[in-house]
Amino acid sequence: MFWKIFQFEVQNRFRRPAIYLYFLAALIFTIGTFATGSLPVQEKEHINSPYLIAMWCAGITMMMMLVSSFIMGTPLYRDIEYNTKDYYLTYPITKGGYFWGRFLGSFLCMLFIATSVIIGAYIGTKLGPAMGWKDPKQYGPNNLVYYLYPFFTIALPNLFFTSSLFFGLVAITRNVKVIYAGGILLFLGYFLSFFFLSHTNNATVINLADPFGLNGVRLQTGNSSS
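Predicted model only: the values in this text are computed from it and were never measured.

This part takes up helix α1 (residues 2-14). Over its 13 residues, α1 extends 18 Å from the first C-alpha to the last, a length consistent with the 18 Å expected when each residue adds 1.5 Å. For α1, the complete set of buried residues consists of Ile5, Phe6, Glu9, Val10, Asn12 and Arg13. Down the axis of α1, the smallest arc covering the buried residues is 165 degrees, so these residues share one side. Within α1, the exposed residues directed more than 90 degrees away from the buried face are Trp3 and Lys4.

Structure (structure tokens):
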């Protein structure tokens, strides 16, 4: 029954236009950023350098927390609101099968939206020189590992963190309002942490206090270049 719950969640999600709108918005935003070089590019640094791709994966998935709060929290709360959860559990399905079917089905949708980041970055590196917006010399080689490695080591853990957080909040509180408030508070709290972290030089504290890895990527790059 887990598989049926999972399939139902995926099919139900991909029938809704919101998933494709989120994907398209992130895709266009990423294409435009890499095509115009609207990134903190240092002198003699390529726009599609592994460092900038990693930073973009960290930054865009951090902003996606508001999307994950909607994607992950809504299906579970809908079942609670309409008492469909109890209806499902009258069938031969365990609570674990129901819970993980809902979670993984929704999380797959988040992964689909997140793929727009690496697809958009690649298209942007091709579109920029083709349209004459940037000199082709400002772009380096498009090795696949430059895109896949930050996606699986940065973007994927970030999405799993926010998705688990918001899904768990609804499961525990049974209140959909908490995910919207939690998303905004996490977003604001993260930016406030930058102010406090700017007053310390302790690399361990900075790394551990940044759940999205922006400061971690920056520190590791600085350490490797020194």
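Moving on, there is more to tell.
So, about helix α2 (residues 17-36). Owing to its 3.6 residues per turn, the α-helix aligns residues three or four sequence positions apart on the same side. Between its first and last C-alpha, α2 extends 28 Å over 20 residues, near the 28 Å set by a 1.5 Å rise per residue. Listing the buried residues of α2 in full gives Ile19, Phe23, Ala26, Leu27, Thr30, Ile31, Thr33, Phe34 and Ala35. Immediately downstream of α2, the backbone of Gly37 shows phi near 70 degrees, a positive value.

Looking now at a nonpolar patch on the surface. The grouping of Phe2, Trp3, Trp100 and Leu104 at the surface amounts to a nonpolar patch, some 410 Å² of accessible area in total. Among the secondary structure elements, those contributing two or more residues to the nonpolar patch are α1 and α6 (95-131). For Phe2, the location among the structural elements is in helix α1.

The next subject is the nonpolar core. Core analysis: the biggest nonpolar cluster contains 48 residues, and Phe34, Met64, Ile71, Met72 and Met110 have the highest contact counts within it. Looking at this core, the elements that each hand over two or more residues are α2, α3 (50-63), α4 (65-81), α6, α7 (144-173), α8 (177-197) and α10 (214-225). Broken down by element, the residue count for this core peaks at 10 residues, all from α6. Not counting residues up to four positions away in its chain, the partners in contact with Ile71 are Arg13, Ile19, Tyr22, Ser106, Cys109 and Met110.

Applying the stated rule across the entire model yields 18 aromatic pairs. Seen in terms of ring centroids, Phe14 and Phe112 are 5.3 Å apart; in terms of plane orientation they differ by 70 degrees. Their pairing is edge-to-face. Separated by 98 residues along the polypeptide, Phe14 in helix α1 and Phe112 in helix α6 bring together distant segments of the chain. On the basis of relative accessible area, Phe112 is assigned to the partly exposed category, the value being 25%. Seen from their ring centres, Phe103 and Phe160 are 6.0 Å apart, and the 90 degrees between their planes marks the pair as edge-to-face. One end of the pair, Phe103, is in helix α6; the other, Phe160, is in helix α7, and 57 residues separate them in sequence. Note on Phe103: relative accessible area 3%, which makes it buried. Of the residues examined, Phe160 reaches a relative accessible area of 42% and is grouped as partly exposed. Through a chain of ring-to-ring contacts, three or more aromatic side chains come together here, namely Phe99, Trp100, Phe103, Phe107, Phe160 and Phe167.

Let us now look at the environment of Leu159. As for its position among the elements, Leu159 is in helix α7. Sequence separation between Leu159 and Met65 is 94 residues, and the spatial gap between their C-alpha atoms is 7.6 Å. Not counting chain neighbours up to four residues away, the residues in contact with Leu159 comprise Thr61, Met64, Phe107, Met110, Leu111 and Ala114.

Right, let's talk about the packing of α3 against α7 for a bit. Put simply, α3 and α7 touch, their axes get as near as 9 Å, and they point 25 degrees apart. Of the possible angle classes, the one that applies to α3 and α7 is roughly parallel. Judged by the sense of rotation from one axis to the other, the crossing of α3 with α7 is right-handed. Contacts between α3 and α7 involve Pro50, Ile53, Ala54, Cys57, Ala58 and Thr61 on the former and, on the latter, Tyr146, Tyr147, Pro150, Phe151, Ile154, Ala155, Asn158 and Leu159. Classifying every residue of the contact of α3 with α7 by side-chain character gives 12 nonpolar, 2 polar and no charged.

A few words on unusual backbone geometry. Backbone geometry at Lys44 places phi at a positive 65 degrees, although glycine is not the residue there. With respect to the helices, strands and loops of the structure, Lys44 is situated in the loop between α2 and α3. With a relative accessible area of 82%, Lys44 lands in the exposed category.

Let us look at the pattern of salt bridges. Inspection of every chain in the model, using the stated rule, returns 2 salt bridges. The salt bridge involving Glu9 is made with Arg13; its shortest N-O contact spans 3.1 Å. Placement of the pair is Glu9 and Arg13 together in helix α1, with a separation of 4 residues, close to one helical turn. Here the two residues Glu9 and Arg13 agree in accessibility, since each one is buried. A salt bridge links Arg102 to Glu9, with the shortest nitrogen-to-oxygen separation between them at 2.2 Å. On the criterion of sequence distance, the pair formed by Arg102 in helix α6 and Glu9 in helix α1 is long-range, its members being 93 residues apart. When its relative accessible area of 1% is taken as the criterion, Arg102 is described as buried. Residue class for Glu9 comes out buried when judged on its relative accessible area of 0%. Overlapping salt bridges, with partners in common, bring together Glu9, Arg13 and Arg102 in one network.

Conventions adopted
- Residues numbered from 1 in each chain as written.
- Predicted model: local features only at pLDDT ≥ 70, side-chain atom pairs only at ≥ 80, totals over all residues.
- Heavy atoms only, no water.
- Helix = DSSP H or I, 4+ residues; strand = E, 2+ residues; numbered from the N terminus.
- Expected span 1.5 Å × (residues − 1).
- Buried < 20%, exposed > 50% of the residue type's maximum accessible area, 1.4 Å probe, protein only.
- Arc of directions from axis to C-beta.
- Patch = residues over 30% accessible without salt bridge, like charges linked within 9 Å, V, L, I, M, F, W, Y side chains within 5 Å.
- Areas by Shrake-Rupley, 256 points an atom, 1.4 Å probe, with all protein chains shown as cover.
- Salt bridge = Lys/Arg side-chain N within 4 Å of Asp/Glu carboxyl O.
- Core = buried A, V, L, I, M, F, W, Y, C linked by side-chain atoms within 4.5 Å.
- Contact = heavy atoms within 4.5 Å.
- Phe/Tyr/Trp six-rings, centres within 6.5 Å; stacked < 30°, edge-to-face > 60°.
- Axes fitted to C-alpha atoms, helices over the stretch in contact; angles between N-to-C directions.
- Parallel < 35°, antiparallel > 145°, perpendicular 65-115°, else oblique.
- Left-handed = near helix turned anticlockwise from the far one by under 90°.
- Nonpolar A, V, L, I, M, F, W, Y, C, P; charged D, E, K, R; others polar.

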